[in-house]
Each structure stands twice: as structure tokens, then as C-alpha cells.
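Results of the structural survey
Next come the chains, spelled out residue by residue.
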Amino acid sequence: RRVHGGVENLHCLFPSMSRQVPIVCPGHTKSIVQLHYSPITPDGFFLISACKDNKPMLRNGESGDWIGTFEGHKGAVWSAHLNTEATKAVTGSADFTARIFDALSGDQLHQFEHGHVVKTVQFSKDGKKVLTGGQEKILRIFDLENPSAEPATLTGHSDGIKTAIWGVDDSVIISGSGESKLRIWDPRTMTAVREVATRGPIMDIELSRDNNLLTVAAGQDVYFINSRTFEIEKTHSLNLDLESASVHPNGTIFVTGESKNNWVRVFEKETGRELECHKGHHGPVHSVRFAPNGDTFSSGSDDGTIRIWQTTALSQE
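Residues numbered from 1 in each chain as written. Predicted model: local features only at pLDDT ≥ 70, side-chain atom pairs only at ≥ 80, totals over all residues. Heavy atoms only, no water.

**Digging into the overall build of the protein chain**
Counted only if it meets this: The way it works is that DSSP assigns letters per residue, a run of H or I at least four long becomes a helix, a run of E at least two long becomes a strand, and they are numbered from the N terminus. Only the C-alpha atoms count toward the radius of gyration. The rule for a globule is 2.2 Å times the residue count to the power 0.38. Residue burial is assigned from relative accessible area. The probe radius is 1.4 Å, only protein chains are included, and a residue is buried under 20% of its type maximum, exposed over 50%, and partly exposed in between. Computed with a 1.4 Å probe, the accessible areas rest on the Shrake-Rupley method; for each residue, only the protein chains presented here act as cover. Two residue types count as positive, namely Lys and Arg, and two as negative, namely Asp and Glu; His and chain ends fall outside the count. Think of each charge as sitting on NZ of Lys, CZ of Arg, CG of Asp or CD of Glu.
Within the protein chain, the regular secondary structure consists of zero helices and 28 strands. Here the C-alpha atoms of the protein chain give a radius of gyration of 18 Å, agreeing with the 20 Å that 2.2 N^0.38 yields for 317 residues. Counting only C-alpha atoms, the protein chain reaches 55 × 40 × 35 Å along its principal axes. Residues classed as buried in the protein chain amount to 57% of the 317 residues present. For the protein chain, the exposed area adds up to about 12,700 Å²; of that, 48% sits on carbon and sulfur atoms. The distance from the centre of the 32 positive side-chain charges to the centre of the 39 negative ones in the protein chain is 5 Å.

Set out below in C-alpha cells:
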């Protein structure tokens, strides 16, 4: 068994040295592939999960308590996202559809047909548009104020799109696939404007809460990229097969999930030094995200559970 980091990380073999008992959120029956937190709203903040059991779920982001399940998909749900107010959800599925739901009632509002599996979905910050991508290698922008209209499309990927997000002020789109490069798009001109090379396939992209930083998990590396200039500010090579990475709202630590181990790791952002290694999942960890208040972070795994962990590494710095 490979152990990352040698002596510094013996607590991964001896978890009692940094044992934490997380909140465990059951309910899903298959692999959880994506998690997303809403911003903090007047009613608190919320967590949505995409799962291969076809049933995305909404939870209280603080307690993990189940609120509801969005019904209707007939295939694995690969992506799920809440709008800024947490009043609507968008989901993308292996049934070749993206769907919009009312997050309060659970009712389906719109269904957008695709030609292949939809792997990534996201609301624009103003909630008026939805970005989708997937196995067709095409990015689509749907106008929710005119949902029956044909979507705008962006083409150029040569591999299936794994993840795509809106950038600062919805003025750019950032997408990634197995091509080992980030693609930057201008949705106003519908053209690609830049590429950022990585050493491995893009698995996850996150825009920080302050809009200043992109966190990118690609291969065995985590990249921190200026979200306005797209210059790489820092890269940490972790010798882990990464699935996901998320940075704390204050920018000092980040957390990872990986495909070869069942562990959730916390690192110091400046140095890349591992601070914590949490055991508990019984399968690879496909998605990790910090809560918007930074007090906790969640992990979604092949074992069908979400685990919510306390952020304790800040006190170790």
C-alpha cells in the first residue's frame, strides 16, 4: 500500500493520532460524484449532492440533515448546483438531460435535452443562465428567461468535458477535460481566449468565495490560478491521484479527495505540507468542498455517504 508523504503522514496509518468523528449523511445508494454548497442565505446555507443512484439530494449545509430529493432522472446524476439564493437546483445526468428544479418544492421546472451524458452543470451568478458540458465535448449556455430557445454553444474540446464553471462576474467560462489543459472562454463573443496547460487531466475546478482564485485538481497536482489573469500562482505536486480539491474561504488551507485511497487530506496552501489525514470513507473520495463559512468541509465517496468534517487545521498553523 502506498503511503503519501513518508514519516510526516504516519497519522494516515495510525488515525487515532488525529482522529475525528465526522457527521455521516446516509441516504444515497451509489457513488456520490459531486457536492456543492450554496452561499450563505437568510435561511442558512445548503448542500446538494449528485449521485449515480439518479437521485440528487438537498441538505442543510451545517447539520447535514436531509431536506429533499429531486426526482425524475433516469440515469446517474453527475453534477448538481444551487443558484445563489438556493431557491433552484440544476442537475446533469447520464439520461442525456439537464434539469432545473424548484429547490423549495422539489418540482421540475425545465428539462434540457442533450445528445450524450451531461457531466457538469452550473448556474450563472445572476441565476439567469445555465452552463452545461459533457461527453458531447460541447459547452452549452441555456437562457432561463427564454428556456425554449436554442442554447448558445462553445466547441473546441477534443475530449469529453469533465467540469466547467462560470468565472468572475460571469464574464468568462473555464472548462476542463482529459486534454490536460484549462480552456478559457468569453461568453460574450463565444470564443476561446486562452489555454492553461496542466500535467494531467482536469478533474475539478473551483472558484474561491472571494472570486480571486481558481483551485484546479489535475492528475496528481493542485494548481492555484489567478482567476482574472489566469497566471499560475502556485502548484503542489502531491503524488496522489486526485479527484477533487477545495480551498478554505480564508485561503490558507485546502482539502483533497483521491481515487486510490479512501482518505480526505488537508494541506497548508502556502507550502503544500499535509496537516491532517481523515479516515472513515470506505471508497474513493470523488468530491470535497468547504462550507461557505469555513467551519466545516464535506466529502462525497464511492461508499454512498457524505461526511462533514470540522475544520481544525487552522489552529495548527
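After that view of the structure, there is still more to cover.
**Re the pairing of strand S28 (residues 306-310)**
For the record, the criterion: At least two bridges found by DSSP between two strands is the condition for calling them paired.
In terms of burial, S28 is a largely internal element, four of the five residues being buried. Two strands pair when backbone bridges link them, and strand S1 (residues 23-25) and S28 are joined in this way by three bridges, in the antiparallel orientation. The partner of Val-24 across the bridge, within S28, is Arg-307. Bridge analysis of strand S27 (residues 296-301) against S28 gives five bridges, and the strand direction is antiparallel. Among the inter-strand pairings, Ser-298 is bridged to a residue of S28, identified as Ile-308. Where S27 hands over to S28, the hairpin turn is made up of four residues, of which Gly-304 adopts a positive phi near 85°.

**So, the packing of aromatic side chains**
Stated precisely, the cut-off is as follows: Aromatic pairing here means that ring centres of Phe, Tyr or Trp (its six-membered ring) are within 6.5 Å. Orientation follows from the plane angle: under 30 degrees is stacked, over 60 is edge-to-face, and everything else is tilted. Over a ring means this: the NZ of a Lys or the CZ of an Arg is within 6 Å of the ring centre and within 35 degrees of the ring normal.
Within the structure shown, the criterion is met by six aromatic pairs. With a centroid separation of 5.1 Å and 15° between ring planes, the pair formed by Phe-254 and Phe-267 is classed as stacked. Of the two residues, Phe-254 is situated in strand S23 (residues 253-258) and Phe-267 in strand S24 (residues 264-268); the sequence distance between them amounts to 13 residues. Owing to a relative accessible area of 0%, Phe-254 belongs among the buried residues under this scheme. The exposure class of Phe-267 is buried, given its relative accessible area of 0%. Taken together, the ring pairs connect Phe-224, Phe-254 and Phe-267 into an aromatic cluster. Sitting over the face of the ring of Trp-78, Lys-119 holds its NZ or CZ atom 4.3 Å from the ring centroid. Here the basic side chain of Lys-269 rests over the ring of Phe-224, its NZ or CZ set 5.1 Å away from the ring centre.

**Re the sheet that holds strand S20 (residues 221-226)**
Rules: Between N-to-C directions, angles cover 0 to 180 degrees, with each direction set by a line fitted to C-alpha atoms, over the stretch in contact for helices.
If you walk across this open sheet you meet the four strands as S18-S19-S20-S21, and the pairing is antiparallel. The sheet is open, and its two borders are formed by strand S18 (202-207) and strand S21 (232-237), each paired with just one other strand. Neighbour to neighbour, the strand axes of the sheet diverge by 15° on average, direction disregarded. As paired elements, strand S19 (residues 213-218) and S20 share six bridges and run antiparallel to each other. Bridging across to S20, Leu-214 finds its partner in Ile-225.

**What about the side chain of Asp-170?**
So the rule is basically this: Salt-bridge detection follows one rule: a side-chain nitrogen of Lys or Arg within 4 Å of a carboxyl oxygen of Asp or Glu. We call two residues in contact whenever any of their non-hydrogen atoms come within 4.5 Å of each other.
Examined against the element boundaries, Asp-170 turns out to sit in the loop between strand S14 (161-166) and strand S15 (173-177). With no salt bridge to any partner, buried Asp-170 finds its closest opposite charge in Lys-125, at an N-O distance of 4.2 Å. Apart from the residues within four sequence positions on either side, Asp-170 is in contact with Ser-124, Lys-125, Asp-126 and Pro-187.

**Description of the pattern of salt bridges**
Using the criterion set out here, one finds 15 salt bridges in the structure. Glu-179 is the partner of Arg-183 in a salt bridge, and the nearest nitrogen-oxygen pair spans 2.9 Å. On the basis of relative accessibility, which here comes to 9%, the residue Arg-183 falls in the buried class. Its relative accessible area of 16% is what places Glu-179 among the buried residues. A salt bridge links Glu-268 to Arg-273; the shortest N-O distance between them is 3.8 Å. Taking relative accessible area as the criterion, Glu-268 reaches 15% and is therefore assigned buried. A residue is classified by how much of its surface remains accessible, and Arg-273, at 37% relative accessible area, is partly exposed. Through salt bridges that share partners, Glu-179, Lys-181, Arg-183 and Glu-195 make up one connected network.

**Looking at the side chain of Asn-261**
Selection rule: Two N or O atoms count as a polar contact when they lie within 3.5 Å, although within protein this holds only if one can serve as hydrogen donor and the other as acceptor, and sequence-adjacent residues are included solely when both atoms are side-chain atoms.
With respect to the element layout, Asn-261 can be found in the loop between S23 and S24. Under the relative-accessibility criterion, Asn-261 is labelled buried at 10%. Separated by 3.0 Å, the side chains of Asn-261 and Glu-258 make a polar contact.

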